[in-house]
Amino acid sequence: MMLTLEHLNAASAADFVALLDGTYEHSPWIAERAAAARPFQSLAHLKHQLARVVREAAPDEQLGLIRAHPELAGKAMVSKSLTAESTNEQSKAGLTDCTHEEFARIQQLNADYNAKFGWPFILAVRGPRGQGLPRAEIIATFARRLAGHPDFERAECLRNIHRIAEVRLNDKFGVVPALGDQVWDWAEALAVHSDPGFKEQGQLTVTYLTEAHRACAAQLRQWMLECGFDEVRIDALSNVVGIYHGTGDKRLLTGSHFDTVRNGGKYDGRLGILVPMACVRELHRQQRRLPFGLEVVGFAEEEGQRFKAAFLGSGALIGRFKPAWLDERDAEGISMREAMLAAGLPATLEAINALQRDPAQYLGFVEVHIEQGPVLNEMDLPLGVVTSINGNVRYLCEVTGMASHAGTTPMDRRRDAAAAVAELILYVEQRAASVPNVVGTVGMLQVPAGSINVIPGRCLFSLDLRATTNAARDALDADVQAELRRICERRGLHWTLTQTESASAAPSDPAWQQRWEAVVAGLGLPVHRMPSGAGHDAMKLHEAMPQAMLFLRGANSGISHNPLESITNDDAQLCVRAFQGLLESL
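Cut-offs used in this document
Residues numbered from 1 in each chain as written. Predicted model: local features only at pLDDT ≥ 70, side-chain atom pairs only at ≥ 80, totals over all residues. Heavy atoms only, no water. Helix = DSSP H or I, 4+ residues; strand = E, 2+ residues; numbered from the N terminus. Expected span 1.5 Å × (residues − 1). Buried < 20%, exposed > 50% of the residue type's maximum accessible area, 1.4 Å probe, protein only. Contact = heavy atoms within 4.5 Å. Polar contact = N/O pair within 3.5 Å; in protein donor to acceptor, adjacent residues only side chain to side chain. Pairing = 2+ DSSP bridges. Phe/Tyr/Trp six-rings, centres within 6.5 Å; stacked < 30°, edge-to-face > 60°. 1 Å grid on protein atoms, 1.4 Å probe; cavity = no way out; pocket = protein on both sides within 12 Å on 5 of 7 lines; lining within 4 Å. Points joined across faces, edges and corners; volume = space filled by probe spheres on them. Nonpolar A, V, L, I, M, F, W, Y, C, P; charged D, E, K, R; others polar.

Trainee: Looking at this model, I keep getting lost on helix α13 (residues 271-285). Mind explaining?
Mentor: Turn by turn, an α-helix covers 3.6 residues, leaving residues three or four places apart pointing in a common direction. The terminal C-alpha atoms of α13, which comprises 15 residues, lie 21 Å apart, in line with the 21 Å expected from a rise of 1.5 Å per residue. In terms of burial, α13 is a largely internal element, 13 of the 15 residues being buried. Following α13 by one or two positions, Gln 287 adopts a phi angle in the positive range, close to 55°.

Listed below in C-alpha cells is the structure:
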C-alpha cells in the first residue's frame, strides 16, 4: 500500500519513523526530529523539513549520515549486503553490470576518494530524471569531484543524499512527476541541436540563426502546436510565438530565450519556454479557457554570442531594436541582415518594428528561469522569488606604465601596470562585498607582449559591476573609478575606461512578486526572496510592463553557462505547479 500524507500526519511518533524507514540510509534520527513539523501540507513540505533537519544537525551527525552510505559498486554490493533501496538504485544505474575495466576504475576511485576525504563518495545514481545515470557519467562525475575541496565535497554529498531521499519518497508515495518529466524530456530533445564544431564534441551551442538555431525554432513551434496553442508562428526575428486564447481580451506574456552561450547548458532560458508550454498542454487537455490569453514567446536571441547585440528578441517586443544591429558582422564576416535573409526572414526594419507589443493589451510579463547560482541549492530550496534583476555597467580598461628590465629596475622606481590592476582587483572585491547584493568582477586580465623578465608596461582588463538598484550600482562604479585614479596617480600611471554596456536595474512589480510568493507558499515551501545577478529577458520587458520572475534551483551547486547545468524532474514539477498556481490566482 502506498504511503499518504494523511497516514503520515496521523501516525504516532514511532510509526512515523517506521513509515519513513530507508528514506535516509541507517539514520532514523532525521525522521524523529522532522516529526515535530507535522502536519505536512505537501510532499514537497515533507522533503524540505527532512532536509532542514540535516542542515541544522551537528557536523558529526552530518558526517555520520554520509558514512552510513555504501560505496558505489563496493564491497557491500559484491557481498549483496546493501539495503533494498541501495540495491535498487545501484542496479538501475547498471553498477551491477560493470565491465571488469569499469569495476576496477570505480574501485580505484573509491580508494582515492576515501583516502582524500575520509568518507564514501555519494552520488544520486538514479539521476535527475530518476531513471538511472549511465556508468560512464557516474565515473566521470566521480573523477571530477575527487578534485574538489573537502568543505564543498561534504556539502555536495549531503545534497546528493537529499536527492536520493527524494526519489525514495516518490517510490513510497507512488508519485511520478509527470509534468517535470515532460519538461526535462523536452529540454533533452531540444539539446540535440548544436552548432557545427561544438556538436561533434558533444557540446551545446546554439547561436542566432544558425542551422541548429532554426531547427530549435521549428521544434518549439511543432511542440506548441501539439500542446494545443491556438496560434503559433515564427516571427520576423525568429522568435517562436504561441498564443492560447482566453475568454477576455488581455493576455499574460511569458517566455525566455532558446539561444545558448558557447558550450552552455540545457536549461538556461529554455526552461522559461517549456514550463508554460506544459501548462498550456494541461489546459488544452482539460478543455479549459482562462479569463485571459497566454502568450508564450521563445525569444530567438538573448546571449549576444554571434553578433555584438543582445536581447534582440525581447528588445523588439518593446521597440528597442537598433537599426545599426543589422550591419553587425559575426566572426566569419556575415552581417546580421545577410544571416536573416539566408534564414528566410524579411530583414527589414518595417517587419521588425511591427513586432512591438502594445503594453495596454497585456497584464504583465512573468518568467521562470534556472537560478544560475548556488544559493537555492545551498538552502535546499527548489524555488526562489526574484525581487530585482541587477543593473550593471561594464568597461574595457587599460593601465599604461613603463616596460623595463625586471632585474635592473629597483622596486621603488617601477611603473608596473599589472601591479596597479592587482591592487584594483582586490579593492573591487572588498568594496563590492561590503554592501549586500552588490558584486564586482574583473573577468579578463591581459599583459600584452608580456615576458617573464619584463615589468608589465601595459595591462588590459575588464570591469563588470552589478547591483539591485541603479543607485547602488552607480555608487560602486564611482568608488571603483576613484580608486583606480588614486592608484594610478600614486604609481605614476595612465589609465582609460571604455564603457561597453550599461543596463538599469529591474525591480519586480510588487503585486506580481506577491503572486509568486503566494503560490510558492501554497506548495508548502518557505518563500525565499532573492535578487538576480544575471540579466534576463524580463529586464527588457520591464521597460514596458510589470514583470516578476521565479527561480528554479540548479543541481551541481547551481552551475550554469556550463555543460554541468542541471535540474531534476521533481524541481521541474514544482515549477510547473507554481506556474499553474499563478494562472489560477488570476
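Trainee: Would you mind going over the environment of His 561 with me for this structure?
Mentor: Tracing the chain through its elements places His 561 in the loop between β16 (547-552) and α22 (569-585). Placed 296 residues apart in sequence, His 561 and Gly 265 show a C-alpha to C-alpha distance of 5.5 Å. Residue contacts for His 561: discarding those within four places in its chain leaves Val 261, Asn 263, Gly 264, Asp 268, Glu 303 and Gln 372. At a separation of 3.0 Å, a polar atom in the side chain of His 561 contacts the side chain of Asp 268. Side chain to side chain, His 561 and Glu 303 meet in a polar contact 3.4 Å long.

Trainee: What exactly am I supposed to notice about the pairing of strand β12 (residues 458-467) here?
Mentor: Moving residue by residue along a regular strand, the side chains alternate between the two faces of the sheet. Across the 10 residues of β12, eight count as buried, placing the element largely inside the fold. Across 10 bridges, the pairing between strand β7 (residues 391-400) and β12 is antiparallel. When the sheet's bridge partners are listed, Val 399 is paired in β12 with Cys 459. Pairing of strand β9 (residues 438-441) with β12 involves four bridges; the strand directions are antiparallel. Residue pairing across strands places Thr 441 opposite Asp 464, the latter belonging to β12.

Trainee: Looking at this structure, I do not really get the environment of Gln 481. What am I missing?
Mentor: Within the secondary structure layout, Gln 481 lies in helix α19 (residues 470-491). Judged by its relative accessible area of 21%, Gln 481 is partly exposed. A sequence separation of 16 residues divides Gln 481 from Leu 497, and the C-alpha atoms of the two residues are 8.8 Å apart. For Gln 481, the contacting residues outside a window of four places in its chain are Tyr 395 and Leu 497.

Trainee: Would you mind going over the packing of aromatic side chains with me for this structure?
Mentor: Between two aromatic rings, the relevant description is the distance of the centres plus the angle of the planes. Scanning the entire structure with this criterion turns up 10 aromatic pairs. Between Tyr 113 and Phe 142 the ring centres are 5.9 Å apart and the planes differ by 80°, which places this aromatic pair in the edge-to-face class. Of this pair, Tyr 113 sits in helix α8 (residues 100-117) while Phe 142 is found in helix α9 (residues 135-146), placing the two residues 29 residues apart along the sequence. An identical accessibility class is assigned to Tyr 113 and Phe 142; each is buried. Ring centres of Phe 321 and Trp 325 lie 5.3 Å apart, and the angle between their planes is 90°; this geometry places the pair in the edge-to-face category.

Trainee: Explain empty space enclosed by the protein to me, please; I cannot follow it from the model alone.
Mentor: The gaps left among the atoms become clear once a water-sized probe is rolled over them. Within the structure shown, the criterion is met by two cavities of 30 Å³ or more. In this model, the largest cavity occupies a volume close to 110 Å³. If you trace the largest cavity, you find 13 residues lining it, with Leu 72, Glu 89, Gln 90, Leu 123 and Ile 164 closest to the centre. The set of elements that each furnish at least two residues to the lining of the largest cavity consists of α7 (84-92) and α10 (150-173). Broken down by element, the lining of the largest cavity gets its largest block of residues, three residues, from α7. Per-class residue counts for the lining of the largest cavity are eight nonpolar, three polar and two charged. Looking at the second largest cavity, its volume works out to about 30 Å³. Here the element with the most residues in the lining of the second largest cavity is α10; it accounts for three residues. Looking at side-chain class alone, the lining of the second largest cavity contains four nonpolar, no polar and three charged residues.

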